[in-house]
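One letter stands for each residue in the lines below.
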Amino acid sequence: MKIGLSSYSFRPMLADGRMSVETLFDWLHDHGAEHLEIATFSFAAAGTEVGYDLSREEEVLKRLEAAVARTGVPVSGFCLGASFLNGEGRQAQIDMVKRHVELCVRFGAKFLRHDVVPWALRLTDTAEFEREFSAIVEGCREVAEFGAQHGVVTSVEDHGFFMNGAERLLRLVHAVDHPNFKLTVDVGNFLCVDDNPYVSTKKTLPHASFVHVKDFYTRRAEPGPGWLKTAGGEFIRGSVFGYGDLDTKALLESVVASGYDGFLSLEYEGAEPSTFGCEVGLNNIRRMLKEIGG
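To start, this report covers the structure provided alongside it. (Residues numbered from 1 in each chain as written. Predicted model: local features only at pLDDT ≥ 70, side-chain atom pairs only at ≥ 80, totals over all residues. Heavy atoms only, no water.)

## Looking at the overall build of the protein
Here is step 1: Of regular secondary structure, the protein possesses nine helices and 11 strands.
Here is step 2: The C-alpha radius of gyration computed for the protein amounts to 18 Å, which stays within 12% of the reference 19 Å derived for 294 residues, consistent with globular compactness.
Here is step 3: With the C-alpha coordinates of the protein rotated into their principal frame, the extents come out at 50 × 45 × 40 Å.
Here is step 4: A total of 294 residues make up the protein; the buried ones form 52% of that total.
Here is step 5: Partitioning the intrachain contacts of the protein with sequence separation of at least 6 by distance along the chain shows that 77% fall at a separation of at least 24.
Here is step 6: Total accessible area on the protein is roughly 12300 Å²; 51% of this is exposed by carbon and sulfur atoms.
Here is step 7: Between the centroid of the 30 positive side chains of the protein and the centroid of its 42 negative side chains there is a distance of 1 Å. (Helix = DSSP H or I, 4+ residues; strand = E, 2+ residues; numbered from the N terminus. Rg over C-alpha atoms; globule rule 2.2 N^0.38 Å. Buried < 20%, exposed > 50% of the residue type's maximum accessible area, 1.4 Å probe, protein only. Contact = heavy atoms within 4.5 Å. Areas by Shrake-Rupley, 256 points an atom, 1.4 Å probe, with all protein chains shown as cover. Lys, Arg positive; Asp, Glu negative; His and termini not counted. Charge placed at Lys NZ, Arg CZ, Asp CG, Glu CD.)

## So, unusual backbone geometry
Here is step 1: For Asp177, which is not glycine, the phi torsion reads 50 degrees and is therefore positive.
Here is step 2: You can see Asp177 is positioned in the loop between helix H6 (166-176) and strand S6 (181-186).
Here is step 3: Residue Asp177 is classed as exposed on the basis of its relative accessible area of 63%.
Here is step 4: You will see that Asp194, though not glycine, has its phi angle at about 65 degrees, which is positive.
Here is step 5: When you line up the elements, Asp194 lands in the loop between S6 and helix H7 (197-204).
Here is step 6: Judged by relative accessible area, which is 35%, Asp194 ranks as partly exposed.

## Some details on helix H4 (residues 90-107)
Every α-helix winds through 3.6 residues per turn, so residues three or four apart in the chain are directed the same way.
Here is step 1: With 18 residues, H4 should reach 26 Å at 1.5 Å per residue; the first-to-last C-alpha distance of 26 Å fits that figure.
Here is step 2: For H4, the full list of buried residues reads Arg90, Ile94, Met96, Val97, Lys98, His100, Val101, Leu103, Cys104 and Phe107.
Here is step 3: Looking at the buried side of H4, the elements it contacts are helix H3 (58-71), strand S3 (75-80), strand S4 (111-114), helix H5 (126-150) and strand S5 (153-157).
Here is step 4: In the stretch just after H4, Gly108 is the one whose phi turns positive, near 70 degrees. (Expected span 1.5 Å × (residues − 1).)

## Re the sheet that holds strand S10 (residues 235-239)
Here is step 1: Spatially, three strands are ordered S8-S10-S9 in an open sheet, and the strand pairing comes out antiparallel. Lying at the two open borders of the sheet, with one neighbouring strand each, are strand S8 (215-219) and strand S9 (228-229). (Pairing = 2+ DSSP bridges.)

## Details of the nonpolar core
Here is step 1: Counting 89 residues, the largest nonpolar core has Phe25, Leu28, Leu64, Phe78 and Leu172 as its most contacted members.
Here is step 2: Ranked by residues supplied to this core, first place goes to H5 with eight residues.
Here is step 3: In this view, Phe25 contacts Leu36, Leu64, Ala67, Val68, Thr71, Val73 and Val75; residues no more than four positions away in its chain are not counted. (Core = buried A, V, L, I, M, F, W, Y, C linked by side-chain atoms within 4.5 Å.)

## A closer look at the sheet that holds strand S11 (residues 263-266)
Here is step 1: The parallel closed barrel is built from eight strands, whose spatial order is S1-S2-S3-S4-S5-S6-S7-S11. Mean inter-strand twist for the sheet, computed between neighbouring axes without regard to direction, equals 30 degrees.
Here is step 2: In the sheet, S3 pairs with S4 via four bridges, with the strands oriented parallel. Looking at S4, one finds that Phe78 is bridged to Leu112. (Axes fitted to C-alpha atoms, helices over the stretch in contact; angles between N-to-C directions.)

## Examining the side chain of Ser83
Here is step 1: Tracing the sequence through the fold places Ser83 in the loop between S3 and H4.
Here is step 2: Under the relative-accessibility criterion, Ser83 is labelled buried at 16%.
Here is step 3: Looking at Ser83, its side chain comes within polar contact range of the main-chain nitrogen of Leu85, at 3.5 Å.
Here is step 4: Here Ser83 is in contact with Arg90, Gln93, Val116, Val117 and Pro118, once residues within four sequence places are set aside. (Polar contact = N/O pair within 3.5 Å; in protein donor to acceptor, adjacent residues only side chain to side chain.)

## Examining the packing of aromatic side chains
Centre-to-centre distance and the angle between the planes together describe a pair of aromatic rings.
Here is step 1: What the rule picks out here adds up to nine aromatic pairs.
Here is step 2: Each ring, one from Phe10 and one from Trp27, has its centre 5.2 Å from the other, and the planes form 65 degrees; the classification is edge-to-face. Highlighted residues: Phe10 in the loop between strand S1 (2-6) and helix H1 (11-16) and Trp27 in helix H2 (residues 21-30), separated in sequence by 17 residues. When sorted by exposure, Phe10 lands in the same class as Trp27, which is buried.
Here is step 3: Seen in terms of ring centroids, Phe129 and Phe133 are 5.5 Å apart; in terms of plane orientation they differ by 35 degrees. Their pairing is tilted. Of the two residues, Phe129 and Phe133 are both situated in helix H5; the distance of four residues between them amounts to about one turn of the helix. Judged on exposure class, the residue Phe129 and its partner Phe133 are both buried.
Here is step 4: The rings of Phe111, Phe210 and Phe263 are connected pair by pair, giving a single aromatic cluster.
Here is step 5: The lysine or arginine in question, Arg122, covers the ring of Phe161, its NZ or CZ lying 3.7 Å from the ring centre.
Here is step 6: Stacked on the ring of Phe129, the Lys or Arg Arg168 has its end atom at 4.3 Å from the ring centre. (Phe/Tyr/Trp six-rings, centres within 6.5 Å; stacked < 30°, edge-to-face > 60°. Lys NZ or Arg CZ within 6 Å of the ring centre and 35° of its normal.)

If you want it as structure tokens, here you go:
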């Protein structure tokens, strides 16, 4: 596996100017990261994250290209928000995702993860999911076909509250039924919908094109501000990888046992400083994989 980070891990520092595109790549190079996965809104100015379209930001893209060339740290893939829900603007969203397929080609990246609904959207009832499912399937298939023409594997992640949970993701893979459509498996995000992360990670890994690792603190009752309420009413908060309540080594063991041998991204979203959380998390991943023999 190639161990690296998601640019999302550095979002607080990128947003307030403490880190630039250039110093981000310097940090990655200095800490031995083998790749960077770009979460596109990481480079948006504070307050402009919603609807941010990196494919239209030529100045940022040129700076990214220069940083890759200077440091030798490759871009492994892109992640972006999108919505394939029925309604006005749906095709524009699909077309925007296709532009990011072309962006992958520009950077020599082979993987694109796109959302299919807004991250924060929570189901009101099961019927809502069923009403939207066919439109989501059709959008995913259209993007997967376009990606196949360009040598870019497309995927959906267990992300947010609507298209999350192992059974929904596996149902989506089955319905899209395209060899170029896979899953980005995030070992921690299953907690957002109260799925068992150990069981769900094992279920979805056979369909993985990309893997994200992270750690969470978990609580039954809300401890205070800064905690995310899950679909079932429990509470989670990001932690340094290896510090939280997840058995991170067991999750990595599942990844190794599955035979997955692609890119692995650390996504850090804890309260500690970004560089501390990323450095410790990266070192913990390496140590655990060495202990596992992966």
